[in-house]
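Residues per chain, in single letters:
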Amino acid sequence: MRRIYNAVMHTLFCVFIITLSGTLFAQVTAFTDARIIPIVGPEIEQGVLIIENGVILNVGSADDVKIPEDAVVISLPGKVLMPGLVDSHSHIGNGDGGDASSPLHPDVRIFDAIDVHSDTFKKARAGGITTVNIMPGSGHLMSGQTIYLKLRPATTVYDMLLNKDPNGILGGMKMANGTNPMRALPFPGTRAKSAAMVRSLFVKAQGYKEKVKLAGDDASKMPDRDLQMEALVEVLEGKRMVHNHTHRHDDIMTSIRLSQEFGYRMVLHHVSEGWKVADEIAAAGVPCSIIVIDSPGGKLEAAELRFDTGMILEQAGVDVGYHTDDGITDSRVFLRSAAFGVRGGMSRAKALEAVTLANARMLDADQKVGSLETGKDADFIILSGDPLSVYTIVEQTWVEGQKVFDRANPDDLKFATGGLDVFRGEHYNHHVDFNNN
Amino acid sequence: MKAIKIFSGSLVLLLAPLAICAQNHAILAAKLYTSEGPVIENGVVLVSNGKIEAVGPATSITVPEGYEVHQAAVATPGFIDAHSVVGLAGIYNQKHDQDQLEKSSPIQPELRAIDAYNAREELVGYLSAFGITTVNTGHAPGALISGQTIVVKTAGETVDEGLINPMAMVAMTIGSSVADNFEKPGTRAKGVSMLREAFVAAQSYEAKMANKDSTKHPERDLAKEVLVKVLKKEVPALITAQSARDIITAIRLRDEFGFELIIDGGAEAYSVMDEILAAKVPVIIHPTMIRTYGDTRHATFISAGQLHKAGIPIAFQSGYEGYVPKTRVVTFEAAVAVANGLDYQAAMQALTLDAAKLLKIENRVGSLKVGKDADIALYDGDPFEYTTHVMKVFIDGKVVSSEAR
């Protein structure tokens, strides 16, 4: 009952917010004269984007798209307009990392720990990010449930959910292998033990799933509720994506082996040595979300990190994304990751897709976000120039037809540049204490 | 002084065989940044015996026969990383390759970077391939006095081969990071008190050593010897100070003891620019993309631009990270500073001649000028652009990297 009550109250609240929000929200608005990069399809020199009620009505070239008579027209000559960035792996929101009491806690939800007022959200908006996968961990085999958020202005975490039904699947499942989860008991000490512990838990989840299936509609035959098992059943049923932190080539192969044994859907994250097993990753049909670090190393398993991993994976046919892992890299320079992909040999189109639509696919959100297409959410950014240039700045960030960052506004600008008393600085500390990546 | 002579002597011996077999090169760049004047369109640099033989427009320089020709869209002097820990803080971040911070005592000026620098460390080669040809590297921030730094080329197989200055600076830190690494001091004020005590003791040592009667001299003390060099302004103090109060404290200490001060980090330097200007202190600014937490939480993307505009000398650094990236690349940091308001040419100067002057090595490196070391980087576009590649790098007239990076 409580959950239903919350959901109803949440819906009412959303309606209230929508009513109060900017005049542009319900108004048909046309953004004209910008170069538009829709991600799906070619770039449009003289582009027009038309939005209404937070949704894209139409996008195309000035020659083809008719601007409705009642539309408010915002002309953006010299600017570039592209979809809001989707970050498939971040630690913004002050979500407390992962709990050190156990190596496996699929029951833990970072949903229950997000601070919507965190300055890190403002930082991410300043970087043009509009959708984010916030992860717990990764010092665990299974750090817990991740959360997919839209960077809407928010009073509570409910206001930011990508999946607006708080009883639905709100995120993925964070897993990790390699050296991060290997530590003192009760954590594993070796790679083989790591895999065995994960497999044991999935075997148990298979059993739980079978019991639920056998019980059918007979409540008396249902096993006792088990929060860990419930979350893993969602993984086994393919409803909840596994986001698997992994660096070394053999750890990547172990991740794939386990996903195939239990049949779960998975995104490989970081993949420092993905270039060594690109064909194997492609054959497994597993997408990769890459981290760009300015130099290799920091730990043994990342010593062979390279800028051309994106190119090698792209050429092998892997679906490639980039992520910030904020605070490992800074959300404000997320586009830099795509540009370094191009520096490493990736195609421009795939590199831009890697910070938008490819990541949206990894969050099962590609029907809503990641490209500028009719019917999709009006999440977009306005840039001063080409997205792959260092000199380009994010001027505005829009989420569902609302402007959530405007560099012309000093209150927003300070989160783009930093300054006295802008960032409280507690975010990264936690992350580094746990020595995660 | 004797130590320095020995080192420079061995340097000459080691470089001599290289010079004999050195190839002569001609670099033709559509855009040539010399750091000695305006950009030269269609510029030429001639390299002979490891040194720059000629610089100018193609219209005025003829490439002599036998010179190997290298074409590039852009060429610059090799860039200088004014503060790094590369060669001491290794790529693997394992106990065996982390020599940047000794935690047995918070004050150890006697720790020499020459005794710790690994010229073959992978990250040294990583930097040189990106066109970073000289680094001021050594002991890390995090101790009141963590040890010394050296200035070294990012080439060579031993520390001696690339060495320019075996005792460039003495690295000190004022800030909260010291208390993270040591039981004592636990606070800023205690830390500063301990630093002052060390300098007072060095003053006393210096006075006693000045006694003409050598039988009255105290026992030799390696730590105090180094601090006496600092007091005599033979070696500058590189004080890592991020917050405004720590910067002001560093200047106060400088005024009390009269050493030469270089501010390192300066995350809040933009808030005390008048004081820094009045104190005539240069700032080796934090990496533009440094993480904003702890003492660096108020760092900005616009700091380099603001300091430069105010007239404060700046240089760029890769800095120090406990985790990743194990080294940054100063080109990347300067690029983001330019994107956030730093004048383009000022960034180029800060990476080259300004940094060389700050490190007092401008007679050797920092610009493309006849007689200077042939440290040159070639690019296929604007060196600051994300998508530009460093195509070829020369150190002392030798190609050290020719793989596009």
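This structure is a prediction, so every number in the text was calculated from the model and none was measured.

Asks: Hey, could you run me through the overall build of chain B in this one?
Replies: Check the secondary structure of chain B and you find 12 helices and 15 strands. In terms of overall dimensions, chain B has a C-alpha envelope of 65 × 50 × 40 Å along the principal axes. In chain B, the proportion of contacts linking residues at least 24 apart, taken out of those at least 6 apart, comes to 68%.

Asks: When you look at the overall build of chain A in this model, what are you seeing that I'm missing?
Replies: The number of helices and strands found in chain A is 12 helices and 17 strands. Relative to a compact globule of 437 residues, whose C-alpha radius of gyration would be 22 Å, chain A shows 22 Å and is just as compact. Its C-alpha atoms put chain A at 60 × 50 × 45 Å along the principal axes. Scored against the burial criterion, the 437 residues of chain A give a buried share of 55%. If you take every contact in chain A between residues at least 6 apart in sequence, the share linking residues at least 24 apart comes to 70%.

Asks: What am I meant to see in the packing of helix α3 (residues 191-215) of chain A against helix α4 (residues 227-236) of chain A here?
Replies: Two packed helices can be described by the angle between their axes and the distance between those axes. All names here are of chain A. Look at α3 against α4: their axes get within 9 Å of each other, and the N-to-C directions meet at 90°. Judged by the inter-axis angle, α3 sits roughly perpendicular to α4. Taking contact as the criterion, the partners of Leu201, Phe202, Lys204, Ala205, Gln206, Tyr208, Lys209 and Val212 in α3 are, on α4, Met229, Leu232, Val233 and Leu236. Looking at the contact of α3 with α4 residue by residue, the classes come out as 9 nonpolar, 1 polar and 2 charged.

Asks: Help me understand the sheet that holds strand β15 (residues 398-401) of chain B in this model?
Replies: Paired through backbone hydrogen bonds, the strands of a sheet run either parallel or antiparallel to each other. All names here are of chain B. Taken together, the 7 strands give an open sheet; going across it, the order is β3-β2-β1-β4-β13-β14-β15, and neighbouring strands pair in mixed fashion. A strand with exactly one partner marks an edge of an open sheet, and here the two such strands are β3 (51-57) and β15. Neighbour to neighbour, the strand axes of the sheet diverge by 40° on average, direction disregarded. Pairing analysis gives 7 bridges linking strand β1 (residues 25-32) to strand β4 (residues 68-77), with the strands arranged parallel. Note that in β4 the partner of Lys31 across the bridge is Val74. Running over the sheet, helix α2 (residues 122-129) touches β14 (390-395) and β15 and is turned about 110° from β14.

Asks: I'm lost on the nonpolar core in this one. Help?
Replies: Most often, soluble globular proteins keep nonpolar side chains buried together rather than apart. Leu49(A), Val45(B) and Ile263(B) are the most contacted members of the largest nonpolar core, which has 252 residues in total. If sequence neighbours within four positions are ignored, Val45(B) has contacts with Ile27(B), Leu32(B), Ile52(B), Val55(B), Ala75(B), Leu368(B) and Ile376(B).

Asks: Is there a simple way to explain the packing of helix α10 (residues 330-339) of chain B against helix α11 (residues 344-351) of chain B in this structure?
Replies: All names here are of chain B. At a minimum axis distance of 9 Å, the contact between α10 and α11 shows a crossing angle of 155°. Judged by the inter-axis angle, α10 sits roughly antiparallel to α11. Between α10 and α11 lies a crossing whose hand is right-handed. Here Val330, Ala334, Ala337 and Val338 of α10 come into contact with α11, specifically with Tyr344, Ala347, Ala350 and Leu351. Broken down by class, the residue content of the contact of α10 with α11 amounts to 8 nonpolar, no polar and no charged.

Asks: What am I meant to see in the pairing of strand β8 (residues 163-174) of chain B here?
Replies: Successive side chains on a regular strand alternate, one facing one side of the sheet and the next facing the other. All names here are of chain B. Of all 12 residues in β8, 12 are buried, a share of seventy percent or more. Across 6 bridges, strand β7 (residues 145-153) lies against β8 in antiparallel orientation. Its bridge partner being in β8, Gly147 is matched across the sheet by Ala171. With 5 bridges joining them, β8 and strand β9 (residues 237-241) adopt parallel strand pairing. The residue of β9 that forms the bridge with Ile174 is Ala241.

Asks: Hey, could you run me through the confidence of the model for chain A in this one?
Replies: Caution applies to low-pLDDT parts of the model: their predicted coordinates are not meant to be read in detail. All names here are of chain A. Within chain A, residue pLDDT values average 92, and 91% of them lie at 70 or more. In this model residues 12-23 is a low-confidence stretch, pLDDT under 50, and it forms 4 contacts with partners more than four residues away in sequence or in other chains. Under a pLDDT of 50 for its full length, residues 428-437 has, in the predicted model, 25 contacts with residues more than four places off or in other chains.

Asks: Would you explain the sheet that holds strand β5 (residues 79-84) of chain B in this entry?
Replies: All names here are of chain B. One open sheet holds the 8 strands; their spatial order is β5-β6-β7-β8-β9-β10-β11-β12, and the pairing between them is mixed. Edge strands, defined here as strands with exactly one partner in the open sheet, are β5 and β12 (314-316). The mean inter-strand angle of the sheet, taken between neighbouring strand axes irrespective of direction, is 25°. With 5 bridges joining them, β9 and strand β10 (residues 261-265) adopt parallel strand pairing. The residue of β10 that forms the bridge with Ala241 is Gly265.

Asks: Whenever I open this one, the interface of chain B and chain A confuses me. Can you help?
Replies: Many structure descriptions define interface size as the accessible area lost when the parts assemble. Contact with chain B, which involves 37 residues of that partner, is made by 37 residues of chain A. For the side of chain B that touches chain A, the secondary-structure elements that each account for two or more residues are α2 and α10 of chain B. Sorting elements by how many residues they give to the side of chain B that touches chain A places α10(B) first, with 4 residues. Residue classes in the side of chain B that touches chain A are distributed as 19 nonpolar, 12 polar and 6 charged.

Asks: Hey, could you run me through unusual backbone geometry in this one?
Replies: A negative phi holds for most residues other than glycine; trans holds for most peptide bonds. All names here are of chain A. For the bond running from Leu185 to Pro186, omega is 10°, close enough to zero to count as cis. Topologically, Pro186 is positioned in the loop between β10 (173-176) and α3. The phi dihedral of Asn53 falls on the positive side, at around 50°, and the residue is not glycine. The residue Asn53 is located in the loop between β2 (44-52) and β3 (55-61) in this model. In this model, Asn94 sits at a positive phi of 50°, which is unusual for a non-glycine residue. The exposure class of Asn94 is buried, given the 20 C-beta atoms found within 10 Å.

Asks: What exactly am I supposed to notice about the environment of Lys103(B) here?
Replies: All names here are of chain B. The residue Lys103 is located in the loop between β5 and α2 in this model. Along the backbone, Lys103 and Ala58 are 45 residues apart, and their C-alpha atoms lie at a distance of 55 Å. When near neighbours in sequence (up to four residues on either side) are disregarded, Lys103 contacts Asn181 and Phe182.

Rules used throughout
Numbering of residues starts from 1 in every chain and runs along the sequence as written. Written order determines the labels here, with chains lettered from A and ligands numbered from 1. In view of the model being predicted, local features appear only for residues whose pLDDT reaches at least 70, and side-chain atom pairs are presented and counted only at 80 or more, with totals across whole chains, interfaces and linings using the full set of residues. Where helices and strands are cited, they refer to DSSP runs of H or I of at least four residues and of E of at least two residues respectively, numbered from the N terminus. The contact criterion used is a C-beta to C-beta distance within 7 Å, with each C-beta placed from the backbone. Using C-alpha atoms as the atom set, the radius of gyration is obtained and then compared with a globule rule of 2.2 Å times the number of residues to the power 0.38. Here a residue counts as buried when 20 or more other C-beta atoms sit within 10 Å of its C-beta, as exposed when there are 12 or fewer, and as partly exposed otherwise, the C-beta atoms being derived from the backbone. Axes, fitted as lines to C-alpha atoms, cover a helix only where it is in contact. Angles between the N-to-C directions of the axes lie from 0 to 180 degrees. Should an angle fall under 35 degrees it is taken as roughly parallel, and over 145 as roughly antiparallel, whereas 65 to 115 is taken as roughly perpendicular and any remaining angle as oblique. Asp, Glu, Lys and Arg are counted as charged, while Ala, Val, Leu, Ile, Met, Phe, Trp, Tyr, Cys and Pro are counted as nonpolar; the rest, among them Gly, fall into the polar class. When DSSP locates at least two bridges between a pair of strands, those strands are taken to pair. To define a nonpolar core, we join buried Ala, Val, Leu, Ile, Met, Phe, Trp, Tyr and Cys residues through C-beta atoms within 7 Å and take the resulting set. Each crossing is labelled by how the near helix is turned from the far one, with a counterclockwise turn of less than a right angle marking it left-handed and a clockwise turn marking it right-handed. The predictor attaches a confidence to each residue, called pLDDT, with possible values from 0 through 100.

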